[in-house]
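# Results of the structural survey
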Amino acid sequence: DFPDERFRPGGQVLVQDAGGVRTLTVRSARFYKERPIVGFDGIDSIEAAEPLAGRELRIEPRDLVALPTGCFYHHDPGGCRVETVEGDEVGTVTRVDGAGGASRLTVEGPAGEQLVPLVDEICRQIDPGARRIVIAAPDGLLGLNQVRGRRRVWRGGRR
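As the structure is a prediction and not an experimental result, all values here were calculated from the model.

## Overview of the sheet that holds strand β4 (residues 57-58)
Overall, antiparallel pairing links the 4 strands, which are arranged β3-β2-β1-β4 in an open sheet. Among the strands making up the open sheet, the edge pair consists of β3 (35-40) and β4. Relative to β3, strand β2 (residues 20-32) runs antiparallel, the two sharing 6 bridges. Each residue of the ladder has a partner; that of Ser28, found in β3, is Gly39.

In structure tokens form, the structure reads like this:
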């Protein structure tokens, strides 16, 4: 969310590894090509750091920074029901993928899994408090990337 603040020395993050969830304390941080390189207390070698490779760092919910109106954390839409502006049910958000302008909702519903771009032109109302998202789906969007079971159903055009 806010890497300069999140990775300040003394800050804490959570990581889940084979031993369960544990707290890591930030010792140092620098940025290379906008990506943080973080040193943690007690992790003093490459060998000690290797078990952390690919792990997701998290924070306690109480440590989240309030976002401006209209901005949401990736976890906020999870579990929201999605419907069209006409009131038709699309399904429930199971996850949000991507970042920034390339984010999309994965919605599981009666027609299978649907991918919905998370953009203002399509997602007209997002109300995590009410657990509701209203979309104005352009013609052909719903069903375009539909997944049933483990097989993706392609509608129209060539792959």
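## Remarks on the nonpolar core
Within the largest apolar cluster, 13 residues are counted, with the highest numbers of intra-cluster contacts made by Val82, Val93, Leu105, Val107, Val116, Ile133 and Ile135. Put simply, the parts of the chain that give this core at least two residues each are β6 (89-97), β7 (104-109) and β10 (132-135). No other element matches the 3 residues that β6 contributes to this core. Residues within four places of Val116 in sequence aside, it is in contact with Arg104, Leu105, Val107, Ile122, Cys123, Ile135, Leu141 and Leu142. Residues Val13, Val15, Val26 and Leu52 belong to the second largest nonpolar core, which totals 9 residues.

## Remarks on the pairing of strand β9 (residues 123-127)
Along a regular strand, successive side chains alternate from one face of the sheet to the other. Across 4 bridges, the pairing between β9 and β10 is antiparallel. Within the sheet, the bridge partner assigned to Cys123 lies in β10 and is Ile135. With antiparallel pairing between neighbouring strands as the criterion, β9 and β10 make up a hairpin whose turn holds 4 residues, including Arg131 at a positive phi of roughly 60°.

## Looking at the environment of Pro77
Tracing the sequence through the fold places Pro77 in the loop between β4 and β5 (81-84). Along the backbone, Pro77 and Val93 are 16 residues apart, and their C-alpha atoms lie at a distance of 6.6 Å. Other than its neighbours up to four places away in sequence, Pro77 contacts Val93, Val96, Leu105, Arg131 and Ile133.

What counts and what doesn't
Position numbers for residues count from 1 along each chain, tracking the sequence in the order it is written. For a predicted model such as this one, the threshold for reporting local features is a pLDDT of at least 70, and the threshold for listing and counting side-chain atom pairs is 80 or more; totals across whole chains, interfaces and linings nevertheless cover every residue. Only hydrogens and water are removed before side-chain values are computed, so all heavy atoms of the structure are retained for them. Note: two strands are recorded as paired if DSSP finds a minimum of 2 bridges between them. We count a stretch as a helix when DSSP gives it H or I for four or more residues in a row; a strand needs E for two or more, and each element gets its number in order from the N terminus. To define a nonpolar core, start from buried Ala, Val, Leu, Ile, Met, Phe, Trp, Tyr and Cys residues and group those joined through side-chain atoms within 4.5 Å. Buried residues are those whose accessible area, probed at 1.4 Å on protein chains only, stays under 20% of the maximum for their type, while exposed residues exceed 50% and partly exposed ones sit between those limits. Whether two residues are in contact is decided by their heavy atoms: any pair within 4.5 Å suffices.

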